[in-house]
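Descriptive structure summary
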Amino acid sequence: MKRGAVRLGSRLAGAALLVTTTLTAVTAVPAHAGTPDAMRRCAEGQVANHDIPHLLVWGNGGGGVPVGRNPGNIIEPGDVFQIIPDMSSRVDPDDWEGGSLGPDGNGQAAPQGWPFPGLAQYSAVLRFNNNPGGWTSDAQQATAFNRCTVFRDNAPARFSFGVNDPGPGDNHGAWTFRVLIWKASAPTTGPMDRCSRNLPATGPQDRADTSLGVAGNGSFGSFPLGATPGNFLRQGDVLRLEPDYASRARMDYFFADHGPNGTNRPAAASGWPYPDLFELSPVLRFNNNPAGWVGDPVQATALGGCVLWTDALPVRLLFGVNDPDLSDNSGQWNFRLRIYGRD
């Protein structure tokens, strides 16, 4: 990647919205599971509808779900969620002399004058925020949700993680969480059930169960394969795209290999093909042949759960790379693609 490269894309507002609108808002209105069924699926460990297994909450800046500076809402009242912390992940606050700390901070309640009085000092904190309405509930410890939890706020929301530190700018490191959401609005259809039970997509009605590579230099990465593939994903199908987090692509400008989340930092508003999505990462776009793009680009790692395709247009899956200059890149990211065919 060369810094002098020109910008290839335009600014995206709420880049992850496709995941929460086109892909999960039911238009043909099959029966819905409801909150009790979402809770059952969570309790049984079934595949979630949204699964973000490697969310980084930066010690000097926090993090969020979906990705981006002003993303759309992703969780609705009645949905069930779980946040699993990696208690071995560490942040080093420079003004704390006790060394690096896990996501629960130092365990001491913060006094007045801190961002979140009463919560643990130097800890990861979670708030829910409605776009555009604002905060929907009080801040809580981010580690307090490691169980199946019904979302009871009064409006749809996004996850906003912060750091309980009055001066986070000099902190180093990040905490890691896994965020899972089971949608109460998930349809009770055959493909959704097969995906939720983590079955191979090899049944008589299923469409695809295959490995897929995305080149770091952009030379390949589509489904179906080929230079001009036809449409494949249809209304009512359920998509699951699981990243191999061990796969790497090399971006020569940084002399570093990056996994499917790239740098884990949203790209700036200018100079990048996909602003607000992670730098140096694979990005997925849905395209109808011949009508064109359907929805906004999404982080390719955001589709690891069971996602319903509801748009009336059938589409093909076309991958890009969020890098202004692909010419000096090498390697590839790997995914497992499953498409469960509609009833």
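Let us look at the structure shown here. (Residues numbered from 1 in each chain as written. Predicted model: local features only at pLDDT ≥ 70, side-chain atom pairs only at ≥ 80, totals over all residues. Heavy atoms only, no water.)

**A few points about the pairing of strand 3 (residues 80-85)**
The buried count for strand 3 comes to five of six residues, which makes it a mostly enclosed element. Pairing of strand 3 with strand 8 (residues 149-150) involves two bridges; the strand directions are antiparallel. Within strand 8, the position partnered with V80 by the bridge is V150. Summarising the sheet, strand 3 and strand 10 (residues 172-182) pair through six bridges and their orientation is antiparallel. Residue pairing across strands places P85 opposite F177, the latter belonging to strand 10. (Buried < 20%, exposed > 50% of the residue type's maximum accessible area, 1.4 Å probe, protein only. Helix = DSSP H or I, 4+ residues; strand = E, 2+ residues; numbered from the N terminus. Pairing = 2+ DSSP bridges.)

**Remarks on the layout of surface pockets**
Any empty space left between the atoms is revealed when a probe the size of a water molecule rolls over them. Reported here for the largest pocket is a volume of approximately 400 Å³. In terms of lining residues, the largest pocket is bounded by 25 residues, among which G61, G62, G63, G64 and G68 are the most central. When contributions to the lining of the largest pocket are tallied by element, the ones reaching two or more residues are strand 1 (50-58), strand 2 (63-65) and strand 9 (158-163). A total of four residues in the lining of the largest pocket trace back to one element, the largest contributor, which is strand 9. The class makeup of the residues in the lining of the largest pocket is 12 nonpolar, 10 polar and three charged. (1 Å grid on protein atoms, 1.4 Å probe; cavity = no way out; pocket = protein on both sides within 12 Å on 5 of 7 lines; lining within 4 Å. Points joined across faces, edges and corners; volume = space filled by probe spheres on them. Nonpolar A, V, L, I, M, F, W, Y, C, P; charged D, E, K, R; others polar.)

**Let's talk about the pattern of salt bridges**
For the structure shown, the criterion picks out 15 salt bridges. For K183, the salt bridge goes to D79, with nearest N and O atoms at 2.7 Å. You can see K183 sitting in the loop between strand 10 and helix 3 (190-196) and its partner D79 sitting in the loop between strand 2 and strand 3, a full 104 residues away along the chain. Neither K183 nor D79 differs from the other in exposure class; each is buried. Residue R194 pairs with D206 through a salt bridge whose shortest N-O separation is 2.7 Å. Within this pair, whereas R194 is found in helix 3, its partner D206 is found in the loop between helix 3 and strand 11 (208-215), the two being separated by 12 residues in sequence. (Salt bridge = Lys/Arg side-chain N within 4 Å of Asp/Glu carboxyl O.)

**Some remarks on unusual backbone geometry**
In this chain, V65 is followed by P66 through a cis amide linkage whose omega measures 0°. If you trace the backbone, P66 turns up in the loop between strand 2 and strand 3. Notably, N198 is not glycine yet its phi reads approximately 60°, a positive angle. With respect to the secondary-structure elements, N198 resides in the loop between helix 3 and strand 11. Since its relative accessible area comes to 41%, N198 is described here as partly exposed. Unlike most non-glycine residues, N264 shows phi in positive territory, near 65°. Summarising the element assignment, N264 is placed in the loop between strand 15 (256-258) and strand 16 (282-288).

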